[in-house]
Amino acid sequence: QVQLVESGGGLLQAGGSLRLSCAASGRTFVSNAMGWFRQAPGKEREFVAAISWSAGKTYYADSVKGRFTISRDNAKNTVYLQMNSLKPEDTAVYYCAARRGSIVVFTTTGYDYWGQGTQVTVSS
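Residues numbered from 1 in each chain as written. Predicted model: local features only at pLDDT ≥ 70, side-chain atom pairs only at ≥ 80, totals over all residues. Heavy atoms only, no water.

Novice: So, the pairing of strand β9 (residues 92–98): which residues are in play, and what are the values?
Specialist: Burial of β9 is extensive: six of the seven residues sit out of reach of the surface. As paired elements, strand β4 (residues 34–39) and β9 share six bridges and run antiparallel to each other. Following the sheet pairing, M34 is matched in β9 by A98. Relative to strand β11 (residues 118–123), β9 runs antiparallel, the two being bridged by three bridges. Note on β11: the bridge partner recorded for Y94 is T118. Here β9 runs beside strand β10 (residues 113–114); their pairing, made up of two bridges, is antiparallel. (Buried < 20%, exposed > 50% of the residue type's maximum accessible area, 1.4 Å probe, protein only. Helix = DSSP H or I, 4+ residues; strand = E, 2+ residues; numbered from the N terminus. Pairing = 2+ DSSP bridges.)

Novice: An account of the packing of aromatic side chains is requested, with residue identities and associated values reported.
Specialist: Taken as a whole and judged by the stated rule, the model has seven aromatic pairs. For the ring pair F37 and F47, a centre distance of 5.8 Å and an interplane angle of 75° mean the geometry is edge-to-face. In this pair, F37 is assigned in strand β4 and F47 in strand β5 (residues 46–51), connecting sequence segments 10 residues apart. For F37, a relative accessible area of 0% translates into the label buried. (Phe/Tyr/Trp six-rings, centres within 6.5 Å; stacked < 30°, edge-to-face > 60°.)

Novice: Explain the sheet that holds strand β8 (residues 78–83) residue by residue, including any values.
Specialist: Reading across from one edge, β1-β3-β8-β7 is the order of the four strands in this open sheet, with antiparallel pairing throughout. Unpaired on one side and paired on the other, β1 (3–7) and β7 (68–73) mark the two borders of the sheet. Adjacent strand axes in the sheet meet at a mean angle of 20°, parallel and antiparallel pairs treated alike. In terms of strand pairing, strand β3 (residues 18–25) meets β8 through six bridges, oriented antiparallel. Among the inter-strand pairings, A23 is bridged to a residue of β8, identified as T78. (Axes fitted to C-alpha atoms, helices over the stretch in contact; angles between N-to-C directions.)

Novice: Which residues make up the side chain of S52, and what values go with them?
Specialist: Along the chain, S52 falls in the loop between β5 and β6 (58–60). Given a relative accessible area of 7%, S52 falls into the buried group.

Novice: Explain the pairing of β1 to me, using residue names and the numbers behind them.
Specialist: Only one face of β1 is buried, namely the one carrying L4 and E6, since none of Q3, V5 and S7 on the opposite face is buried. Two strands pair when backbone bridges link them, and β1 and β3 are joined in this way by five bridges, in the antiparallel orientation. In the strand pairing of β3, E6 is matched with C22.

Novice: With reference to specific residues and values, describe the state of the cysteines.
Specialist: What the rule picks out here adds up to one disulfide. Sulfur-sulfur distance for the disulfide between C22 and C96 comes to 2.1 Å. On the S-S bond that ties C22 to C96, the torsion sits near -80°, and the link is left-handed. Of this pair, C22 sits in strand β3 while C96 sits in strand β9; the two residues are 74 residues apart in sequence, bridging distant segments of the chain. The same class applies to C22 as to C96, namely buried. (Disulfide = S-S within 2.5 Å.)

Structural data, given as structure tokens:
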């Protein structure tokens, strides 16, 4: 069982940076693959980034590659999403997600646990 709590969202101008945090709790946390997704109004929830806990491998959507970085701190049971060079099109609710398995997947249906989401708004 895994519970996720997100924080770090906010309002900022284009070109700025923001770091989102996802605090996880549960006995099986270290074996879970983790991901970040986002959803803008009227649009589908889309994959942003993911990390495998066992191997430490990271994966990114093409739209954020080179600007966003996903990382983990096992001692704090926390996953981060560092967002740099933010654009107005990055505006969305960002969700942290965890999968029961340790292998990373890139679809919303592949994840079993979700946070409540945190709003990120980027103005031009």
